[in-house]
Amino acid sequence: MQSTFDPEIFIEKILLQMNGKAIQVLVSYRKDQNEIQYSPVSDTRIIIQAPYGLSKEELRKGVQNYLTWKGTKPAGTQKPTPSFTGGTIHIRGYDIPYSVVLNPRRKTLYLSIYPDGRVEVENPGNATEEDIKRFLTSEKEWIYREYYCTRPDCPPSREEHTVQINEKPIPYQISRSTRNKRITLKVHGNGTIEVSAPYNAPTDTITAFVESRKSWIAPKIGVQVPEIQQGSILQGGSANTAGGDAGHVTWEGHTIPYTIKRNPRAKRTTIKVNRDREVCVVSPPHGSVTHIHAFMTQNAEWVYTHTIGSVRPLPLKRTYEDGEVFPFLDESITIRIRRGYELSYSRQGDELLITVPADFTDYNSKMAVKQVVSAFFAEQLSLFALPYFTRYGALLNVPIPQIKTRDQKTKWGACTSKSIILNLRLCMAPQRIIEYVVLHELAHKIHPDHSPRFWNTVERMMPDYRERREYLKKHGHEWVL
């Protein structure tokens, strides 16, 4: 009979009597077949692929030889049927039963844990009991996590809760997963709050974490947090803010407030003053408020010098609102903001058109605009600086490195073994200042220091570098994102 799927294949069914047993043989004759291939289905059924034109006598003889060989094949050459069907593994106080099933389609041992808590090991057929137990021992941590998640005493994978911020209930969702290593908090653009936590994190631990982050959450969802009245804080005391502790220190009649941030990675207590002259004390988790205030009192003069007593002008406050103007490569660019479906931007002349999703809160809209402006500046700075890299790289016989951009707080450029990093705020600087920073960093490829040889190299390429460097020091604080 000719195959309906392939006219090149001819199929025939033959019944053979072999040692008093009827053997049913299904033969497919193929023109491209060079030898007989046997595929036994059972003791009485065989599928054969044979060369086209093979006679029945040759076929009968081939089947007889195959069955004779199969019947006399040494026992050790056939795969034994595994006799080990399961057991129990003890992990962290739990006796977890498991079953072992045979699956010849697997090439290695395979482990599954089902929603009802069943643990199943698939054995390809060649693994011994010792192999399986060794395999389970190596997967103990994974087994415990997945098995625990199926138990009724495991916290739910999702929970809905609320947190009170300025007497307003704010809903948030908890999502637990075995992939999460710690508790993290995310505020989406539309103001919804999501907390990701490890699979076994207790609910009270998560809610306490959210409580400690209320002052961080509030501006992102458009909720105002009451200001702490200075008069309500006693000398040497602290106030419980929405996000933790705070206090104040005095110097020569001036009161300087500070916030306290406890960081598990902090080894000692340190003081940080940002560009807006806001003071934050970073302390190890065990640091007491009394100790922190004593530390601040000892350093009150330093704090005053870097805040109220500082002669450096405060940086410009960016609002990221429609019509705001940014310096841009010796010119200026105006941002235009509109609402739409997704975050995008395009440039039209001296305007940067930014589309912000309609459901974004005011805070997240501003952050989205800042993100777009930063991305635009990073792209334009790389393009603008490339000719300077090409020119000075050739003059200094230095290959052009990979160019990266970052919004760095203290450095205008950095040179590594594989790349040069430019501060993307240089896009607001005059072009000649960008040229100086590029040359400065390329010169570090020859002299990785600020030795006289380094400055001689810079001066040889740019005789007026001192003037440009001084301009950068004097006006750099004006270029704010």
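Residues numbered from 1 in each chain as written. Predicted model: local features only at pLDDT ≥ 70, side-chain atom pairs only at ≥ 80, totals over all residues. Heavy atoms only, no water.

Participant: Run through the nonpolar core, naming residues and quoting values.
Facilitator: One finds Phe326, Val373, Phe377 and Leu422 to be the most contacted residues of the largest nonpolar core, which totals 46 residues. Per-element accounting of this core gives the leading share, 11 residues, to helix 8 (residues 362–395). Residues in contact with Val373, not counting those within four places in the same chain, are Phe326, Ile335, Leu352, Ile354 and Leu481. Formed by 22 residues, the second largest nonpolar core is a distinct cluster that contains Phe84, Ile91, Leu109 and Tyr147. (Core = buried A, V, L, I, M, F, W, Y, C linked by side-chain atoms within 4.5 Å. Buried < 20%, exposed > 50% of the residue type's maximum accessible area, 1.4 Å probe, protein only. Helix = DSSP H or I, 4+ residues; strand = E, 2+ residues; numbered from the N terminus. Contact = heavy atoms within 4.5 Å.)

Participant: Just give me the short version of the sheet that holds strand 24 (residues 419–423), but keep the residues and values in it.
Facilitator: Sheet strands pair by backbone hydrogen bonding; their relative direction is either parallel or antiparallel. Ordered by their spatial adjacency, 3 strands build an open sheet running 22-24-23, and the pairing between neighbours is mixed. The strands lining the two open edges of the sheet, one partner per strand, are strand 22 (402–406) and strand 23 (413–415). With strand direction ignored, the average angle separating the axes of adjacent strands in the sheet is 20 degrees. Relative to strand 24, strand 23 is paired through 3 bridges, and the arrangement is antiparallel. The residue bridging Ala414 from the neighbouring strand is Ile421, located in strand 24. The sheet contacts of helix 8 involve strand 22 and strand 24, and relative to strand 22 the element is tilted by about 140 degrees. (Pairing = 2+ DSSP bridges. Axes fitted to C-alpha atoms, helices over the stretch in contact; angles between N-to-C directions.)

Participant: I'd love a proper account of the sheet that holds strand 9 (residues 158–165), names of residues and values included.
Facilitator: Sheet architecture is open: 4 strands sit in the order 9-10-12-11, paired in mixed fashion. Each end of this open sheet is capped by a strand with a single partner; those strands are strand 9 and strand 11 (184–187). Strand-to-strand twist in this sheet, taken as the mean axis angle between neighbours without regard to direction, amounts to 30 degrees. For strand 11 and strand 12 (residues 193–198), the ladder comprises 4 bridges, and the chain directions are antiparallel. Paired with Leu185 across the strands is Val195, a residue of strand 12.

Participant: So, the packing of helix 9 (residues 431–443) against helix 11 (residues 465–475): which residues are in play, and what are the values?
Facilitator: Interaxial distance between helix 9 and helix 11 falls to 10 Å at its minimum, and their mutual angle equals 110 degrees. For the element pair helix 9 / helix 11, the angle class is roughly perpendicular. In this structure, helix 9 contributes Arg432, Ile433, Glu435, Tyr436 and Val437 to the contact, and helix 11 contributes Tyr465, Glu467, Arg468, Arg469, Tyr471 and Leu472. Across the contact of helix 9 with helix 11, the residue classes tally to 6 nonpolar, no polar and 5 charged. (Parallel < 35°, antiparallel > 145°, perpendicular 65-115°, else oblique. Nonpolar A, V, L, I, M, F, W, Y, C, P; charged D, E, K, R; others polar.)

Participant: Provide a residue-level description of a positive patch on the surface, including the pertinent values.
Facilitator: A cluster of like positive charges, contributed by Arg182, Arg213, Lys261, Arg265, Lys272, Arg275 and Lys409, occupies part of the molecular surface. With respect to the helices, strands and loops of the structure, Arg182 is situated in the loop between strand 10 (168–177) and strand 11. (Patch = residues over 30% accessible without salt bridge, like charges linked within 9 Å, V, L, I, M, F, W, Y side chains within 5 Å. Areas by Shrake-Rupley, 256 points an atom, 1.4 Å probe, with all protein chains shown as cover. Salt bridge = Lys/Arg side-chain N within 4 Å of Asp/Glu carboxyl O. Lys, Arg positive; Asp, Glu negative; His and termini not counted. Charge placed at Lys NZ, Arg CZ, Asp CG, Glu CD.)

Participant: Which residues make up the environment of Ile420, and what values do they have?
Facilitator: Within the secondary structure, Ile420 sits in strand 24. By relative accessible area, which is 0% here, Ile420 ends up buried. Taking the C-alpha atoms as reference points, Ile420 and Ile400, 20 residues apart in sequence, are found 9.3 Å from one another. Dropping the residues within four chain positions of it, Ile420 is found in contact with Phe389, Pro401, Gln402, Ile403, Lys404, Ala414, Cys415, Glu441, Leu442 and Lys445.

Participant: Hey, could you go over the pattern of salt bridges for me, with residue numbers and the actual values?
Facilitator: Pairing is possible between side chains that carry opposite charge, provided their charged atoms lie close to one another. Summed over the entire model, instances satisfying the criterion amount to 18 salt bridges. Two residues, Asp116 and Arg118, come together in a salt bridge whose shortest N-O distance is 2.9 Å. With its nearest N and O atoms 3.2 Å apart, the salt bridge here joins Lys214 to Glu211. Within the structure, one salt-bridge network assembled from shared partners comprises Arg391, Glu435, Asp464 and Arg468.

Participant: Please provide a residue-by-residue account of the pairing of strand 7 (residues 110–113), values included.
Facilitator: With 4 bridges connecting them, strand 7 and strand 8 (residues 119–123) associate as antiparallel partners. Paired with Tyr110 across the two strands is Glu122, which belongs to strand 8. The hairpin formed by strand 7 and strand 8 contains 5 residues between the paired strands, and Gly117 there has a positive phi angle of roughly 95 degrees.

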